[in-house]
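The primary structure of each chain is shown beneath.
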Amino acid sequence: MDDGMLWLEKGVPLNFDLQKLAKWIREEKGPVTYLMFGITYQCQCNCRHCCVGNYIKEKLRDLTTEEAKDVIDQAGRSLVVNFFGGEPTLRPDLMELINYASEKAVFVLADTNGIRVTKDYAQQLKDNGLELLYVSIDSPVAEKHDEYRGFKGCYEKAVKAVKNALDVGLKAVLSTYVTKENLSNGEFEKVIQLARELGATGVRYLLSTPAGRWLRNVDVRLTAEEKERVKELVDFPFVCREFYFQPQVTNQCRGVANKEYVYVSPYGDVQPCCFMPLTFGNVRKEPLKVILERMWSHPMYSEKCLSKECPMQSDEFRKKYIDTIPLDAKLPFRM
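Attention here is on the structure that accompanies the text.

Cut-offs used in this document
- Residues numbered from 1 in each chain as written.
- Predicted model: local features only at pLDDT ≥ 70, side-chain atom pairs only at ≥ 80, totals over all residues.
- Heavy atoms only, no water.
- Buried < 20%, exposed > 50% of the residue type's maximum accessible area, 1.4 Å probe, protein only.
- Helix = DSSP H or I, 4+ residues; strand = E, 2+ residues; numbered from the N terminus.
- Arc of directions from axis to C-beta.
- Contact = heavy atoms within 4.5 Å.
- Axes fitted to C-alpha atoms, helices over the stretch in contact; angles between N-to-C directions.
- Parallel < 35°, antiparallel > 145°, perpendicular 65-115°, else oblique.
- Nonpolar A, V, L, I, M, F, W, Y, C, P; charged D, E, K, R; others polar.
- Salt bridge = Lys/Arg side-chain N within 4 Å of Asp/Glu carboxyl O.
- Core = buried A, V, L, I, M, F, W, Y, C linked by side-chain atoms within 4.5 Å.

Next up on the list: helix α10 (residues 224-233). Taken as a whole, α10 has its buried residues at Glu226, Lys227, Val230 and Leu233. All buried residues of α10 fall inside an arc of 115 degrees around its axis, so they share one side. The outward face of α10, more than 90 degrees from its buried face, is lined by the exposed residues Ala224, Glu225 and Glu232. Next to the buried residues of α10 lie β5 (171-178), α8 (180-184), α9 (187-198) and β6 (202-207).

Let us now look at the packing of helix α4 (residues 94-102) against helix α5 (residues 119-127). The angle between the axes and the distance between the axes are what describe a pair of packed helices. Their axes nearest at 9 Å, the elements α4 and α5 cross at an angle of 25 degrees. In terms of axis orientation, α4 runs roughly parallel to α5. For the pair formed by α4 and α5, the contact residues are Leu94, Met95 and Ile98 on the first element and Tyr121, Gln124 and Leu125 on the second. For the contact of α4 with α5, the residue count by class is five nonpolar, one polar and no charged.

The tally for this structure, following the rule as stated, stands at 23 salt bridges. Salt-bridge contacts for Lys330 lead to Glu58; the nearest nitrogen and oxygen are separated by 2.9 Å. Of this pair, Lys330 sits in the loop between α13 (315-321) and β11 (333-334) while Glu58 sits in the loop between β1 (34-38) and α3 (65-75), and the two are 272 residues apart along the sequence. Looking at Lys330, the relative accessible area reads 46%, which means it is partly exposed. Given the relative accessible area of 27%, Glu58 is considered partly exposed.

Core analysis: the largest hydrophobic core is formed by 112 residues, its most contacted members being Leu35, Phe37, Phe83 and Leu174. Not counting residues up to four positions away in its chain, the partners in contact with Phe83 are Phe37, Ile39, Ile72, Pro88, Leu94, Leu97, Ile98, Ala101, Val108, Leu109, Ala110 and Asp111.

See the structure below:
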């Protein structure tokens, strides 16, 4: 079954505002279908796998509220705006940004470690237009999750955050990643089981990727056999790779391959994705559209690997664009 038939037959657990969706389809769309928007690098955790953990944190550099709103405006009528971090809940203006994005995009999502998501906070997220909350669960074993996150009690708070979201009618998805270890010891399956026990909306999984703190560690990549094993365990749409409209049958990154996805960092850097430590410009210096035209016309977007897999998983791509980054370079590296 191809992805089109999969989505048609299985459906996806999102609330479709038909008027808003029709408007998005009918009217002139902006340049970005999926905006992954990092709004702060600040975080209470110190995760071993953090995909932005090797970016230098600088005080007072986060985009202001008005600058963040301008990015959302420049992205146009996106299908999705996904607030990301760091930890987005540490931004005091998160509710304002969610509310603003909900007027522009069809779906507004947010990632969190769950630490600050009380029931009242979850209610505010829902009331301001959040469609779905991704809550990170790295391991179904509390002690392991806390160790991986570098924050004691994080597991308990994450599980409680899922419950709080569900209690107020907000969709909550457990966000996890598949490693050689948790695939072989059964913990990936147990995360799926945990989601079912909690009554969660589902599970989002990502394959271990040599990015962020794992940038130079290509050994984290799964083998072809291990990737096939993952596919045997998933049950779409309850278990979904990355996002509901991302290819599930293949390992292609549709957002990058089709030039539909972009990551804007807390400091305004425009990158192909949050895993790729390359920037093509900054929204504080140039319009987003100008930067996107430069980025999407770059030869890397013609690489054959884009039609098959995440480019950060590709030896050929990494040899050209990642391994050539000087070890002492400030990231993201300017192309």
